[in-house]
Amino acid sequence: MMEEVKFDEKGLVPAIVQDATTYEVLTLAYMNKESLEKTMETGETWFYSRSRQELWNKGATSGNTQKVVSMQFDCDKDAIAVKVEPAGPACHRGTTSCFDAPFYGEESGALPYAILQQLEQVIADREQKRPEGAYTTYLFDKGVDKILKKVGEEAAEVIIAAKNRDKEELQWEAADLLYHLLVLLREQDLALDDVLSVLARRHEGKGKE
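Reading the values: rules and limits
- Residues numbered from 1 in each chain as written.
- Predicted model: local features only at pLDDT ≥ 70, side-chain atom pairs only at ≥ 80, totals over all residues.
- Heavy atoms only, no water.
- Helix = DSSP H or I, 4+ residues; strand = E, 2+ residues; numbered from the N terminus.
- Buried < 20%, exposed > 50% of the residue type's maximum accessible area, 1.4 Å probe, protein only.
- Contact = heavy atoms within 4.5 Å.
- UniProt positions renumbered as here; feature names shortened; annotations may be inferred.
- Pairing = 2+ DSSP bridges.
- Axes fitted to C-alpha atoms, helices over the stretch in contact; angles between N-to-C directions.
- Salt bridge = Lys/Arg side-chain N within 4 Å of Asp/Glu carboxyl O.
- Domains from an automatic or database assignment.
- Nonpolar A, V, L, I, M, F, W, Y, C, P; charged D, E, K, R; others polar.

Re the overall build of the chain
Right, so step 1: Regarding its fold elements, the chain presents 6 helices and 6 strands.
Right, so step 2: Overall, the chain shows an N-to-C arrangement of helices and strands of β-β-α-β-β-β-β-α-α-α-α-α.
Right, so step 3: In terms of its C-alpha atoms, the chain occupies a principal-axis envelope of roughly 60 × 40 × 35 Å.
Right, so step 4: Classification of the 209 residues of the chain by burial places 30% in the buried group.
Right, so step 5: Within the chain, residue pairs in contact and separated by at least 24 positions form 46% of the contacts whose partners lie at least 6 positions apart.

In structure tokens:
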């Protein structure tokens, strides 16, 4: 692999980092031969800082590491796509992606599905801190039986709204169901990424359809 990479005149190659589950582009960084070798050896992303002119391991100080799932060239072999499992925000500003400030086209640069990740983080925070008066705190305090009951109730409401062909009501009820499902996943110590990875494997033909 190393012999095939076409580094530029400065010995660098651009690395496009993507979330392996959602395929969201997290950041664009650069690798030289040494950082690419370290990435392959350690299974975590290593880059070359053009400003500091040194190697850096993503998450070494912040803890927001990136576990490498796969790497592939583009057709000219002068760029690398790196799919990762992020352990936290990719951007130094604390955002999931560095690409969240649109200047053309869409009103928001965030993927519409990013709200699920944000909601998952809020639910996790509620479980840990249990702020008084929060509905999520109430659910965790009541336990799994209460959470399961709410999931069942919201699923029934989705069915009724769909049966009535009420799109506006269906949107609200589907949103409620997704929220309560995320609470249940948290209670069961199961990440949303774990569920999405199952869908990804099925899409790739590695699981049951």
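Quick word on the UniProt feature "domain: Phosphoribosyl-AMP cyclohydrolase" (unreviewed entry) in the chain
Right, so step 1: With numbering aligned to this structure, UniProt lists the feature "domain: Phosphoribosyl-AMP cyclohydrolase" (unreviewed entry) at residues 28-99.
Right, so step 2: From the first C-alpha to the last, residues 28-99 spans 9 Å; its make-up is 14% helix and 38% strand.

What about the sheet that holds strand S6 (residues 80-86)?
Right, so step 1: Spatial strand order, S2-S1-S6-S5: 4 strands in an open sheet with mixed pairing. Edge positions in the open sheet fall to strand S2 (25-31) and strand S5 (66-73), since each of these has one partner strand only. Going from strand to strand, the sheet's axes swing by 25 degrees on average, the running direction of each strand aside.
Right, so step 2: In terms of strand pairing, S5 meets S6 through 7 bridges, oriented antiparallel. Residue Ser70 lies in a different strand from S6, and its bridge partner there is Lys83.

Points about the environment of Ile80
Right, so step 1: Looking at the element boundaries, Ile80 is found in strand S6.
Right, so step 2: Between the C-alpha atom of Ile80 and that of Tyr30, which follows or precedes it by 50 residues, the distance is 9.4 Å.
Right, so step 3: Every residue in contact with Ile80, bar those within four places of it in the chain, is listed here: Val13, Pro14, Ala15, Ile16, Leu36, Met71, Gln72 and Phe73.

Observations concerning the pattern of salt bridges
Right, so step 1: By the definition in use, this model includes 8 salt bridges.
Right, so step 2: Among the salt bridges present, the one from Glu54 reaches Arg52, with a minimum N-O distance of 3.0 Å.
Right, so step 3: Among the residues examined, Glu54 registers a relative accessible area of 40% and is labelled partly exposed.
Right, so step 4: When its relative accessible area of 46% is taken as the criterion, Arg52 is described as partly exposed.
Right, so step 5: When salt bridges that share partners are traced, they join Asp125, Arg126 and Lys129 into one network.

Considerations on the domain arrangement of the chain
Right, so step 1: Each domain of the chain was delimited in the assignment, giving domain 1 (2-86) and domain 2 (113-205).
Right, so step 2: Measuring from the centre of the C-alpha atoms in domain 1 to the corresponding centre in domain 2 gives 34 Å.
Right, so step 3: Of the residues lining the interface, 5 residues belong to domain 1; the matching set on domain 2 comes to 5 residues.
Right, so step 4: If you look at where domain 1 meets domain 2, you find 0 salt bridges.
Right, so step 5: The residue makeup of the side of domain 1 that touches domain 2, split by class, is 1 nonpolar, 2 polar and 2 charged.

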